[in-house]
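Architecture at a glance
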Amino acid sequence: MKKNITGAIEIAQKLKDQIDAFDANVSMQESGIVRDTADGIASISGLRNAGSMEMVRFQSGTEGVILNLEQDRIGAIILGSASSVHAGDTVTPLGTVLSIPVSNDMTGRVVNPLGQPVDGKGDLKNTTRQPIEKIAPGVMTREPVNVPLMTGIKAIDSMIPIGRGQRELIIGDRQTGKTAIAIDTIINQKGQDVTCVYVAIGQKESKVAKLVARLEEAGAMEYTVIVLAGASDPASFQYIAPYSGVAIAESVMAKGKDALVIYDDLTKHAVAYREVSLLLRRPPGREAYPGDVFYLHSRLLERSCRLNKENGGGSITALPIIETQAGDVSAYIPTNVISITDGQIYLESDLFYKGVRPAVNVGLSVSRVGGAAQTKAMKKVAGQLRLDLAQFRELEAFAQFATDLDPETRKQIDRGRRTVEMLKQNQYQPMSMELQVAMIYAVTKGFLDGIEAKNVRDWETGFVAHLEARAGNLLTHLREKQALDDELIKGLETEIEAWNKAFVAK
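Residues numbered from 1 in each chain as written. Predicted model: local features only at pLDDT ≥ 70, side-chain atom pairs only at ≥ 80, totals over all residues. Heavy atoms only, no water.

Digging into the nonpolar core
- I186, L215, I226, I345, W459 and L484 are the most contacted members of the largest nonpolar core, which totals 82 residues.
- Not counting chain neighbours up to four residues away, the residues in contact with I186 comprise C196, Y198, L215, A220, Y223, T224, L260 and I262.
- Grouped together as the second largest cluster of nonpolar side chains are 60 residues, L79, I100, L296 and I333 included. (Core = buried A, V, L, I, M, F, W, Y, C linked by side-chain atoms within 4.5 Å. Buried < 20%, exposed > 50% of the residue type's maximum accessible area, 1.4 Å probe, protein only. Contact = heavy atoms within 4.5 Å.)

Notes on the packing of aromatic side chains
- Scanning the model with the defined rule gives seven aromatic pairs in all.
- Seen in terms of ring centroids, W499 and F503 are 5.9 Å apart; in terms of plane orientation they differ by 50 degrees. Their pairing is tilted. Here F503 and W499 lie together in helix α16 (residues 486–505), a separation of four residues that amounts to about one turn. Of the two residues, W499 and F503, both sit in the buried class.
- Sitting over the ring of Y295, R299 keeps its end group 4.9 Å from the ring centre.
- Across from the ring centre of F352, 4.0 Å away, lies the NZ or CZ of R357, which sits over that ring. (Phe/Tyr/Trp six-rings, centres within 6.5 Å; stacked < 30°, edge-to-face > 60°. Helix = DSSP H or I, 4+ residues; strand = E, 2+ residues; numbered from the N terminus. Lys NZ or Arg CZ within 6 Å of the ring centre and 35° of its normal.)

Details of the sheet that holds strand β15 (residues 343–347)
- Strands sit in the order β8-β12-β11-β13-β14-β10-β15-β16 across an open sheet of eight strands; the sheet is mixed. Strands at the two margins of the open sheet, each flanked by one partner only, are β8 (110–111) and β16 (366–367).
- Pairing analysis gives two bridges linking β15 to β16, with the strands arranged antiparallel. Across the sheet, residue G343 finds its bridge partner in β16, namely S367.
- Where helix α6 (residues 266–279) meets the sheet, it contacts β11 (194–201), β13 (258–264) and β14 (315–323), and its direction lies at approximately 75 degrees from that of β14.
- Helix α8 (residues 332–340) contacts β10 (169–172), β14 and β15 of the sheet and is inclined by roughly 155 degrees relative to β10. (Pairing = 2+ DSSP bridges. Axes fitted to C-alpha atoms, helices over the stretch in contact; angles between N-to-C directions.)

Quick look at the pairing of strand β5 (residues 74–79)
- Burial within β5 is extensive, with six of its six residues counted as buried.
- Side chains I74, A76 and I78 of β5 all project onto a buried face; the interleaved residues G75, I77 and L79 project onto the opposite face, where all are buried too.
- Alignment of strand β2 (residues 41–45) against β5, held across four bridges, turns out to be antiparallel. Bridge pairing in β5 places I41 opposite I77.
- Where strand β4 (residues 63–69) lies against β5, six bridges are found, and the strand directions are antiparallel. Residue pairing across strands places V65 opposite I77, the latter belonging to β5.
- As consecutive antiparallel partners, β4 and β5 are separated by four residues.

A short note on the packing of helix α5 (residues 235–253) against helix α7 (residues 293–301)
- Close contact between α5 and α7 brings their axes to 10 Å; oriented N to C, the two are set at 15 degrees. On the basis of their axis angle, the class for α5 and α7 is roughly parallel. Note on packing geometry: the crossing formed by α5 with α7 is left-handed. Between α5 and α7, the contacting residues are Y239, P242, Y243 and V246 on the first element and L296, R299 and L300 on the second.
- Among the residues forming the contact of α5 with α7, the class breakdown is six nonpolar, no polar and one charged. (Parallel < 35°, antiparallel > 145°, perpendicular 65-115°, else oblique. Left-handed = near helix turned anticlockwise from the far one by under 90°. Nonpolar A, V, L, I, M, F, W, Y, C, P; charged D, E, K, R; others polar.)

Topic: a nonpolar patch on the surface
- Nonpolar side chains collect at one region of the surface, where I11, L15 and I19 lie side by side and expose about 330 Å² of accessible area between them.
- Within the secondary structure layout, L15 lies in helix α1 (residues 2–21). (Patch = residues over 30% accessible without salt bridge, like charges linked within 9 Å, V, L, I, M, F, W, Y side chains within 5 Å. Areas by Shrake-Rupley, 256 points an atom, 1.4 Å probe, with all protein chains shown as cover. Salt bridge = Lys/Arg side-chain N within 4 Å of Asp/Glu carboxyl O.)

Comments concerning α16
- Between its first and last C-alpha, α16 extends 29 Å over 20 residues, near the 28 Å set by a 1.5 Å rise per residue.
- Restricting attention to buried positions, one finds in α16 the residues L488, I489, L492, E495, I496, W499, N500 and F503. Buried residues of α16, seen end-on, are gathered within an arc of 145 degrees and therefore sit on one face of the element. Opposite its buried face, α16 presents the exposed residues D486, E487, K490, K501 and A505, each directed more than 90 degrees away.
- Structurally, α16 contributes buried residues whose contacts are with α10 (376–382), α13 (433–444), α14 (456–470) and α15 (472–481). (Expected span 1.5 Å × (residues − 1). Arc of directions from axis to C-beta.)

Things to note about the side chain of T444
- Relative to the assigned elements, T444 resides in helix α13.
- Given the relative accessible area of 10%, T444 is considered buried.
- In this structure the side chain of T444 is engaged in a polar contact, spanning 2.7 Å, whose partner is the backbone oxygen of I440.
- With residues near it in sequence (within four places) discarded, T444 still touches V381, L385 and R415. (Polar contact = N/O pair within 3.5 Å; in protein donor to acceptor, adjacent residues only side chain to side chain.)

Side note on the pattern of salt bridges
- Within the structure shown, the criterion is met by 20 salt bridges.
- A salt bridge links R164 to D258, with the nearest nitrogen and oxygen atoms 2.7 Å apart. With R164 in the loop between α2 (154–159) and β10 and D258 in strand β13, the pair connects residues that are 94 residues apart, well separated along the chain.
- On the basis of relative accessibility, which here comes to 17%, the residue D258 falls in the buried class.
- Close ionic contact of E302 with R167 constitutes a salt bridge, the shortest N to O distance being 2.6 Å. One end of the pair, E302, is in the loop between α7 and β14; the other, R167, is in the loop between α2 and β10, with 135 residues separating them in the sequence.
- Residue E302 is classed as partly exposed on the basis of its relative accessible area, which comes to 30%.

In structure tokens form, the structure reads like this:
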């Protein structure tokens, strides 16, 4: 009897404790229902307070992001396996805009557009969430672009210079070396304290795997992040990939450091957005692209800038890539992106097939930052280069029809041919600023006029070895001063003449 009374008292006490601990506050969570799904798009009803770009979670655990807000339904893109989402499933809004995890340990990794590693090297550690959509920094927070970002490519660094915080478009037909320029630029950032982000949009995964292997071989993956939205990934992944890439770069810029982002390529990005928009039943415009396709790229590229000291002093340099059809730069997407960027590097198929690589068309290529993004030494030697090359192209075309040329014209054409040979460069062989200055000085000042055009490449290879073996101090002074004074010019001319004698003797 005593045991029963004790047990009853314990039960009563537990009930009393539970009543005392009872919280009368009721929490409500909104939820909706999937009406139908098709091609990676879910039509949802019931989410009255949802916002644009808000993340949602479907019953299966797959996430999505809201793009369309209509009177009686919501259109969301499914970020993941569309087959796991069915009509009648419940949908829960997450109350946050689309964001990805970023981390200091991200360099050397390959991640998908949601920031999840896909390289089999384990999860990211010490991550923070970064929204992929962000308003670009205001005008008053920016600094002029005047710090060079060297690509290591003679033709670009001398005539179409790129500065930190610039947006320089790489444009041309397929298979003309657009990605090659981007990869060489990444390799050339070794030791420059620049974090690189390469965004592969709709690329073959085998191509990206080769690219990663090449960067690892060059030691460039130590400071590079690859964001991969492969050709087999849904259009939704390809659409958000560049925004994820710039979000990673912004986390670097926020620390006052410099970042380089390459979007390869924005033509496929526009096509993916067109696909998503048409599936969401948005009205099509020119070439079936939606009306806001310009805003699609402008809000992405405007996030690249150089911040002033008061705002951290970091920078994001963007190298967007656009693929043209039969060299048509007046098509819809190319003209849009040309108008947003600070210049373009135009690669021409005809030059590529003639063996001029990189196949840069100097006439159509331009950097709107110009000499402000060059060292004093480069500006001094390359000032005349662009003009000489343009005159050579004109005279070369004229010379095809002329039988007899005066000596001055013939001399100009001969020097032009040597200049073209000097500007040729093999892939994965970026050249330091001081060596570039030495080569361009030699050709523009006529020191190669006695060397046959077909031997210029051999002359250059030998001269690089000659300088590194005999004139290490000269190169060091040039690197440190970044300017050509009379003493350096005299030393450089002495070495050029010495190598000319040795080369001719060979």
